[in-house]
Amino acid sequence: MILQCRSAWMASAVAAAIIALPGSLAGASQARAATTQEELVRLLKEQSAELKKLKQEVDALKKQRSAPQVAAPARSAPHGGRTSDGFVSKSEGPDSFVGTLLDRFVERGTRPKSWRLPGTDIDLSVNGFAKLDFISRLKGEFNGTLDSLPTNAIAIDSRGTAPANRFHARESRIGFVATKQTDFGLANVQIEGDFFSPFFGSQLVSNRDGFSLRHAKVEIGPLLAGQFWGTFADPSTIAETLDFQGTPGYTFIRQAQIRYTHTFSKGVTLAFAAENPETSIVVNNNVAPINGINQNVTVVQTRDNNIPDFVIRGRVEDSWGHVQLGLLLRSISGENFAGGNLLPTLSIGSNPNIPPTGTGRGNGFGVAGSIHAKFNLPGLGSKESARTDFIAFQFLYGSGLGRYLQDSAGVSGEATINPITGRLELLTSYGGYVTFQHQWSENLRSNFTFSLAEYENPAYLNRNAYRGATYASGNLIWTVVKDFDLGAELQYGERINQSGRRGDVLHVQTSAKFSF
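Remember, it's a predicted structure, so these values are computed and weren't measured experimentally.

1. Concerning the pairing of strand β4 (residues 173-182)
Here is step 1: Here strand β2 (residues 123-139) pairs with β4 via seven bridges, running antiparallel. Directly across from G128, in β4, lies its bridge partner I174.
Here is step 2: In this sheet, strand β5 (residues 185-194) lies alongside β4 in antiparallel orientation, the contact comprising 10 bridges. Paired with I174 across the strands is G193, a residue of β5.
Here is step 3: Linkage of β4 to β5, two consecutive antiparallel strands, is achieved through a turn of two residues.

In structure tokens:
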């Protein structure tokens, strides 16, 4: 009886446990679900707080970028020049979290497209372009290469056209700019070069071209020292041509110099410079014709260049454009080399004791003036374009002007020696150009340019002496995407000799250029 009762009790207990089991399992499941839900809520709150923090950082960055940029302090800031919020100054790049991350790992410089060299207060940038040119000669001949159109190398009275085509990338260039703040103002160092050196390899094998220095200068406040654009020049008005040589009648010169620029007010400056002197004289000779070309004139670089060239330049600049006036003062020394191929070999001045086989000398003082100007024409261009139409021109005139006029290099000079008096006489020359740029649309523009150069040679110079040239070009340039241009250009040049004989050429040039 007792056994039966125990069995019945056990059976009841097991049945009760089985009945209660689903409820227990459900309760445990509900507890775990509640725990998971609480964890998700916590994670969502943390993510929301992080997103809110990031949004605040982005908003602060946008506010900073929209504020006007201020000059960097004269002295270096602590921690490599960073400000309290971790940025040097107005930054570039997209307003995004990616830009924020970049600023955390790469310190941006105070200038556009620059970065801070780690562990220094120096901002560095790299610039330049890669350019491919294809040039086709349609008319005329050259006494030289086809890489550009130097009007002083055009063959006189050519018997026809010598068709030629040429690919090259010699105009490509690269440069570096480094800046830092000093107690005397911003220090700016620039080094730049291209591959248009006259020393280059053979087209049969490597087509290598020599790297040549364009600029190597430092500026601190108002002072400039090094090789840079001559103070007498105005690179901001140089015509935009696909042809590397450009116009014959403008000042294209880069040379070593020391320059001081005083600023009277915004856009009004006066500069004084002492620059590298170099003189060439033109003399008659008796060299026999070479390949049918009469070699009646020799250009000789002189040995006496002991007084620098001095330049004074005034400039006024505003939203309408600018005007620049220049004055060039030069000491010219010339020599008539003896040695059989130069005639006549004369005594210079009134000294009869210099033997006929000796070297004669003479001195002169050259003065030249120039005007450069650029005027913006906002009403003519396309309203879609951020660029503005403009017209620019230059005119220069002087005695002893010589190499400051683009086309004189190698064919003319600053002076000659009178075969009758034996005295050095300065050559007077003048030149100029005018160029007009028109914006057809946001990505399409054209440049139309005309230029001339003229040398007032004395009558005693032989008939094949270079007297002058004219040049004209027109192009169409398409900016396919930012920093990438495709262009086509028609170029015409004419050379005139002392005798009045002429020669001309016609080129077509196409180019592809990517700037960085």
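Let us keep going from here.
2. Here we look at the confidence of the model for the chain
Here is step 1: Residues of the chain with pLDDT of at least 70 account for 72%, and the chain-wide mean is 78.
Here is step 2: Taken together, the stretch residues 286-295 has pLDDT below 50 and engages in 12 contacts with residues farther than four places along the chain or on a different chain.
Here is step 3: Contacts from residues 338-360, a stretch scored under 50 in pLDDT, to residues over four places away or in other chains number 50 contacts.

3. Description of the packing of aromatic side chains
Here is step 1: Here the structure, examined in full by the defined rule, presents 12 aromatic pairs.
Here is step 2: An angle of 65 degrees between the planes, with centres 5.3 Å apart, marks the rings of F195 and F211 as edge-to-face. With a gap of 16 residues between them, F195 in the loop between β5 and β6 (212-220) and F211 in the loop between β5 and β6 connect regions that are remote in the sequence.
Here is step 3: Where F395 meets Y430, the ring centres are 6.5 Å apart and the plane angle is 40 degrees; that geometry is what we call tilted. Taken together, the positions of F395 in strand β15 (residues 389-399) and Y430 in strand β18 (residues 428-441) put the pair 35 residues apart, joining distant regions of the chain.
Here is step 4: What makes Y430 partly exposed here is its relative accessible area of 24%.
Here is step 5: In this structure an aromatic cluster arises from ring pairing among W229, Y250, F252 and Y433.
Here is step 6: Taking NZ or CZ as reference, K217 lies 4.9 Å from the ring centre of F228, over its face.
Here is step 7: Over the aromatic face of F129 sits the side chain of K513, whose NZ or CZ is 4.3 Å from the ring centroid.

4. Re the pairing of β2
Here is step 1: Summarising the sheet, strand β1 (residues 115-116) and β2 pair through two bridges and their orientation is antiparallel. Bridge assignment links W115 to a residue of β2, and that residue is L124.
Here is step 2: Where β1 hands over to β2, the hairpin turn is made up of six residues, of which G119 adopts a positive phi near 75 degrees.
Here is step 3: Sheet topology note: the β2/strand β22 (residues 502-515) ladder contains 10 bridges and is antiparallel. What sits directly across from R137, in β22, is H507.
Here is step 4: Where β2 meets strand β3 (residues 164-168), five bridges bridge the pair, whose relative direction is antiparallel. Pairing of D133 across the sheet is with H168, part of β3.

5. Here's the deal with unusual backbone geometry
Trans peptide bonds make up the majority, and among non-glycine residues the majority have a negative phi.
Here is step 1: Of note in the backbone geometry, K113 takes a positive phi value of approximately 60 degrees without being a glycine.
Here is step 2: Position of K113 relative to the elements: it lies in the loop between α3 (97-105) and β1.
Here is step 3: The class for K113 is exposed, based on a relative accessible area of 52%.
Here is step 4: Even without glycine at this site, D483 takes up a positive phi of about 75 degrees.
Here is step 5: Note that D483 resides in the loop between β20 (466-481) and β21 (484-497).

6. Notes on the environment of T279
Here is step 1: Note on placement: T279 falls in the loop between β9 (268-275) and β10 (280-284).
Here is step 2: A residue is classified by how much of its surface remains accessible, and T279, at 1% relative accessible area, is buried.
Here is step 3: Taking the C-alpha atoms as reference points, T279 and G413, 134 residues apart in sequence, are found 7.1 Å from one another.

The rules we used
- Residues numbered from 1 in each chain as written.
- Predicted model: local features only at pLDDT ≥ 70, side-chain atom pairs only at ≥ 80, totals over all residues.
- Heavy atoms only, no water.
- Pairing = 2+ DSSP bridges.
- Helix = DSSP H or I, 4+ residues; strand = E, 2+ residues; numbered from the N terminus.
- pLDDT = per-residue confidence, 0-100.
- Contact = heavy atoms within 4.5 Å.
- Phe/Tyr/Trp six-rings, centres within 6.5 Å; stacked < 30°, edge-to-face > 60°.
- Buried < 20%, exposed > 50% of the residue type's maximum accessible area, 1.4 Å probe, protein only.
- Lys NZ or Arg CZ within 6 Å of the ring centre and 35° of its normal.

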